[in-house]
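Reading the structure
Here is what each chain is made of, one letter per residue.
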Amino acid sequence: MDLKSLFAGIFTGSLASSLIILFTAPASGPAVRHSIKHSEWNRPGLKSSTNKSAMEDWQYAATEGFQAFDVLTKEMKKTYKRYKQEVEPEVASIQEQVKEISDSISQLNKQIKKETKRS
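1. Notes on the overall build of the protein
In terms of regular secondary structure, the protein is built from 3 helices and 0 strands. Ordered by position from the N terminus, the helices and strands of the protein form the series α-α-α. Put simply, the protein has 119 residues, and 4% of those count as buried. As presented, the protein carries roughly 11,200 Å² of accessible surface, and 63% of it is formed by carbon and sulfur atoms.

2. Some details on a positive patch on the surface
A contiguous patch of positive charge, built from Lys110, Lys113, Lys114, Lys117 and Arg118, is present on the exposed surface. Looking at the element boundaries, Lys113 is found in helix 3 (residues 54–118). Accessibility expressed as a relative area gives 56% for Lys113, which makes it exposed.

3. Regarding the pattern of salt bridges
Side chains that differ in sign of charge can pair as their charged atoms come close. A full pass over the atoms with the stated rule returns 3 salt bridges. With a closest N to O distance of 3.8 Å, Glu75 and Lys78 form a salt bridge. Here Lys78 and Glu75 lie together in helix 3, a separation of 3 residues that amounts to about one turn. Overall, the relative accessible area of 53% leaves Lys78 in the exposed class.

4. Some words on the confidence of the model for the protein
On average, the protein scores 84 in pLDDT, and the residues at 70 or more come to 87%. Looking at the elements of the protein, mean pLDDT is at its lowest for helix 2 (residues 29–37), recorded as 80, and at its highest for helix 1 (residues 3–24), recorded as 90.

Rules used throughout
Within each chain, residues carry numbers counting from 1 in the order of the written sequence. Local features in this predicted model are restricted to residues of pLDDT 70 or higher, and side-chain atom pairs are both shown and tallied only at a pLDDT of 80 or more, whereas totals for entire chains, interfaces and linings draw on every residue. With hydrogens and water stripped out, all remaining heavy atoms of the structure feed into the side-chain values. In this description a helix means any DSSP run of H or I spanning at least four residues, a strand means any run of E spanning at least two, and both kinds are numbered starting from the N terminus. Burial here depends on accessible area, computed with a 1.4 Å probe over protein chains only, as a share of the maximum for the residue type. Under 20% is buried, over 50% is exposed, and the range in between is partly exposed. Only the protein chains shown count as cover for residues, and the accessible areas themselves come from Shrake-Rupley with a 1.4 Å probe. Residues enter patches when they are more than 30% accessible in relative terms and free of salt bridges; like-charged ones are connected within 9 Å and nonpolar ones (Val, Leu, Ile, Met, Phe, Trp, Tyr) within 5 Å. Basic side-chain nitrogens of Lys or Arg form a salt bridge, by our definition, when they fall within 4 Å of a carboxyl oxygen of Asp or Glu. Under the convention used here, Asp and Glu are negative, Lys and Arg are positive, and both His and the chain ends fall outside the count. Positions of charges follow a simple convention, taking NZ of Lys, CZ of Arg, CG of Asp or CD of Glu. Every residue carries a pLDDT, the predictor's confidence in it, which falls somewhere between 0 and 100.

Pasting the structure below:
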């Protein structure tokens with residue numbers, strides 16, 4: 001890979017993402033900072049709109065995240081097993097075909113060497 005192309009891609013991606021963020025920002029910088037400073041999530045002990053503390057909300061989110069990660073891990077393991085079961089016979093077949101082709105080429109080379117010695 002060309003290093004110049006890599007840096008051009010990184011620069012282009014950074015520029016595009018910066019422009020997207022700039023044009024899709026819901027408010028100006030000072031307004032966002034003000035809303036963060038006065039947000040109820042910023043102060044410990046305050047209740048959220050569901051009458052739970054922020055800590056309980058974070059614990060719930062973390063639990064849900066771990067459960068989702070566990071499900072994803074199990075699905076990935078199943079997919080890998082299935083892939084391995086489907087691919088391994090094909091790989092063995094291809095390896096055998098390559099061995100047969102290699103043996104055929106080897107025999108042809110021997111035959112050509114014998115014929116060139118006769119001539």
